[in-house]
Amino acid sequence: MAQGANEFAGCRALVTGAAGGIGSALVAALNSAGAKVAAADRDTAAIDAAVRLSGDLCDPDYCDGLAAAAHDALGGLDLVVNNAGIISRGPVTETTDSDLARSLAVNVEAPFRVCRAAIPLMAGAGGGCIVNVASCWGLRPGPDHALYCSTKAALASLTQCMGRDHAHQGVRVNAVCPNEVDTPMLRSGFATRGFDPATAVEALGETVPLGRIASPDDIVDVILFLASDAARYLCGSLVEVNGGKPVA
Ligand SMILES: NC(=O)c1ccc[n+]([C@@H]2O[C@H](COP(=O)([O-])OP(=O)(O)OC[C@H]3O[C@@H](n4cnc5c(N)ncnc54)[C@H](O)[C@@H]3O)[C@@H](O)[C@H]2O)c1
């Protein structure tokens with residue numbers, strides 16, 4: 001779906017994980033649809049966005065301040081996309097304290113803190129929209145990803161709770177739940193395990209009923225739909241975007 005040139009004109013958006021695979025495609029799509037974007041990531045220097053907010057989502061003060069920083073720099077805040085995430089592989093017995101702390105911090109605590117700060121700002125201005133990037137693997141257990149699945153499950157539950165609790169304030173909170181997407185997160189995982197990423201992505205595509213894994217734009221289009229007026233009656237929804245492939 002190509003976005004209309006002005007479909008998001010006037011929309012002031014905060015995107016976390018803006019330098020990553022899905023995040024950079026989302027920032028580009030929002031820019032071309034007329035939005036003003038505050039891009040948050042560890043290093044935002046190379047991102048084409050109206051505002052760049054570099055920092056570490058493991059830092060609670062940075063997370064607590066992101067929504068206000070975006071709001072002040074953009075003159076308001078209509079959309080927040082909590083897109084940043086990290087993946088930790090292996091069963092619980094192979095998970096370190098540091099894996100646990102980082103996954104909880106980035107996948108759960110950061111979106112919690114950003115939403116907690118963003119919702120009153122949005123509600124005070126008559127409403128807004130939050131899209132969290134969870135995962136199919138947080139809705140059903142995938143093998144050997146205990147921490148990733150359980151932190152994404154927490155984000156999915158948080159989305160449902162916030163969607164319910166803040167609908168009356170005009171704040172819609174939903175989540176997109178992809179299966180495999182062709183991004184650095186996926187490719188670096190293959191490389192770490194000694195596979196050629198290009199060959200592995202091709203082989204993985206054959207396991208998907210639609211014949212290929214998702215591109216970042218396949219996910220971005222659904223995020224933009226959830227952010228658009230066409231999704232005005234969606235609140236607390238977990239939208240699976242999986243090419244027909246169930247979790248293994
Ligand atoms: N790629 C997939 O197969 C897939 C599938 C389902 C869900 N997702 C989710 O999609 C989202 C985007 O993932 P992606 O595939 O684009 O990954 P990616 O690794 O390309 O991008 C993630 C971004 O988050 C940023 N980030 C991570 N930790 C951070 C921290 N502590 N502070 C600041 N920024 C930090 C990274 O710098 C990176 O730019 C994630 O939440 C991921 O869990 C991805």
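Quantities reported herein were computed from a predicted structural model and do not represent experimental measurements. (Residues numbered from 1 in each chain as written. Predicted model: local features only at pLDDT ≥ 70, side-chain atom pairs only at ≥ 80, totals over all residues.)

A. Broad picture of the overall build of the protein. Along the protein, the regular secondary structure elements total seven helices and seven strands. For the protein, the sequential pattern of α-helices and β-strands runs β-α-β-β-α-β-α-β-α-β-α-α-α-β. Relative to the compact-globule value of 18 Å for 248 residues, the protein shows a C-alpha radius of gyration of 17 Å, a close match. Overall, the C-alpha framework of the protein stretches about 50 × 40 × 35 Å when taken along its three principal axes. In the protein, buried positions account for 43% of the 248 residues. Counting only contacts in the protein whose residues sit at least 6 apart along the sequence, the fraction spanning at least 24 positions is 69%. (Helix = DSSP H or I, 4+ residues; strand = E, 2+ residues; numbered from the N terminus. Rg over C-alpha atoms; globule rule 2.2 N^0.38 Å. Buried ≥ 20, exposed ≤ 12 C-beta atoms within 10 Å, placed from the backbone. Contact = placed C-beta atoms within 7 Å.)

B. Spotlight on the domain arrangement of the protein. Entries for the protein in the domain assignment read domain 1 (12-179 + 215-240) and domain 2 (182-213). The straight-line distance from the C-alpha centre of domain 1 to that of domain 2 is 24 Å. Between domain 1 and domain 2, the residue contacts involve seven residues of the former and five residues of the latter. Taken together, the residues of the side of domain 1 that touches domain 2 sort by class into three nonpolar, three polar and one charged. (Domains from an automatic or database assignment. Nonpolar A, V, L, I, M, F, W, Y, C, P; charged D, E, K, R; others polar.)

C. Inspection of the site of the ligand at higher detail. The immediate surroundings of the ligand are formed by 25 residues, with Gly 17, Gly 20, Gly 85, Thr 183 and Met 185 found nearest. Mapped by element, the contributors of at least two residues to the shell around the ligand are helix H1 (21-32) and helix H5 (184-192). Here the shell around the ligand gathers at least three residues from each of two domains, domain 1 (12-179 + 215-240) and domain 2 (182-213). (Near = placed C-beta within 6 Å.)

D. Fine view of the environment of Thr 199. Checked against the element boundaries, Thr 199 lands in helix H6 (residues 197-205). Between the C-alpha atom of Thr 199 and that of Asp 229, which follows or precedes it by 30 residues, the distance is 39 Å.

E. Unusual backbone geometry, seen in detail. At Asp 144, a position not held by glycine, the phi torsion is positive, near 60°. The topology assignment puts Asp 144 in the loop between strand E5 (128-133) and helix H4 (146-166).

F. Summary view of the packing of helix H3 (residues 97-124) against H4. Across the interface, H3 lies against H4 with an axial gap of 9 Å and an inter-helix angle of 15°. Viewed along their axes, H3 and H4 adopt a mutual orientation that is roughly parallel. Judged by the twist between their axes, the crossing of H3 over H4 is right-handed. Counting all contacts with H3, which are made through Asp 99, Leu 100, Ser 103, Leu 104, Asn 107, Val 108, Pro 111, Phe 112, Cys 115, Ile 119 and Ala 123, the residues of H4 involved are Leu 147, Tyr 148, Thr 151, Lys 152, Ala 154, Leu 155, Leu 158, Met 162 and His 166. Split into classes, the residues belonging to the contact of H3 with H4 amount to 14 nonpolar, four polar and two charged. (Axes fitted to C-alpha atoms, helices over the stretch in contact; angles between N-to-C directions. Parallel < 35°, antiparallel > 145°, perpendicular 65-115°, else oblique. Left-handed = near helix turned anticlockwise from the far one by under 90°.)

G. Spotlight on the pairing of strand E1 (residues 12-16). With respect to burial, E1 is a largely interior element, five of its five residues being buried. Burial of the side chains of E1 extends over both faces: Arg 12, Leu 14 and Thr 16 are buried on one face and Ala 13 and Val 15 on the other. With five bridges connecting them, E1 and strand E2 (residues 36-41) associate as parallel partners. The residue bridging Val 15 from the neighbouring strand is Ala 39, located in E2. Running through H1, the crossover from E1 to the neighbouring parallel element E2 is right-handed. With three bridges joining them, E1 and strand E4 (residues 79-82) adopt parallel strand pairing. Directly across from Val 15, in E4, lies its bridge partner Val 81. (Pairing = 2+ DSSP bridges. Right-handed = clockwise from strand over helix to strand, strands pointing away.)

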